Amino acid sequence: MALKYKEDPDFSAHNQRANDTAARELKDMLDIIQSAQLAKADASKEETDVYVIAKSKGYDVKALKRLVRELKRDADELRAETDALELYKQLIGMI
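Residues numbered from 1 in each chain as written. Predicted model: local features only at pLDDT ≥ 70, side-chain atom pairs only at ≥ 80, totals over all residues. Heavy atoms only, no water.

### Section: the packing of helix α1 (residues 9-56) against helix α2 (residues 61-72)
Contact geometry for α1 and α2: axes closest at 9 Å, N-to-C directions at 135 degrees. Accordingly, the angle class assigned to the pair α1 and α2 is oblique. Read as a crossing pair, α1 and α2 show a hand that is right-handed. The residues of α2 that touch α1, namely those facing Tyr51, Ala54 and Lys55, are Val61, Leu64, Lys65 and Val68. Split into classes, the residues belonging to the contact of α1 with α2 amount to 5 nonpolar, no polar and 2 charged. (Axes fitted to C-alpha atoms, helices over the stretch in contact; angles between N-to-C directions. Helix = DSSP H or I, 4+ residues; strand = E, 2+ residues; numbered from the N terminus. Parallel < 35°, antiparallel > 145°, perpendicular 65-115°, else oblique. Left-handed = near helix turned anticlockwise from the far one by under 90°. Contact = heavy atoms within 4.5 Å. Nonpolar A, V, L, I, M, F, W, Y, C, P; charged D, E, K, R; others polar.)

Right, dumping it as structure tokens:
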């Protein structure tokens, strides 16, 4: 059995198919990334718009943002942190 060298037409055809496949996959991934970035930008704009509306209605935007962060967290972890914070506030006379 003879070794295939780079000049071999089968070897060249195989490499070309592999390169074509990689190029298609790369283009597909880039399209998905760009689409996700556009969606993220749209979502960010929408979020900003909601905060502007909330502020115009008299809501405290800083408090809303904190509430959104807290809603994402584990309830037990948040409760433990809140309990510790309340204790510390009592110890230093804040409440």
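### A closer look at the pattern of salt bridges
Inspection of every chain in the model, using the stated rule, returns 5 salt bridges. Of the charged contacts, one joins Asp49 and Lys45 as a salt bridge, the two residues approaching to 3.1 Å between their closest N and O atoms. Residue Asp49 and its partner Lys45 are both found in helix α1; the two are separated by 4 residues, about one turn of the helix. Relative accessible area serves as the criterion here: at 33%, Asp49 is assigned to the partly exposed category. Judged by its relative accessible area of 52%, Lys45 is exposed. Where Glu70 meets Arg66, a salt bridge forms, and the shortest distance between an N and an O atom there is 2.9 Å. A residue pair is termed a helical-turn pair when its members lie 3 or 4 positions apart in one helix, as Glu70 and Arg66 do in helix α2 at 4 residues. On the basis of relative accessible area, Glu70 is assigned to the partly exposed category, the value being 24%. Here the residues in one salt-bridge network are Arg73, Glu77 and Glu81, joined through shared partners. (Salt bridge = Lys/Arg side-chain N within 4 Å of Asp/Glu carboxyl O. Buried < 20%, exposed > 50% of the residue type's maximum accessible area, 1.4 Å probe, protein only.)

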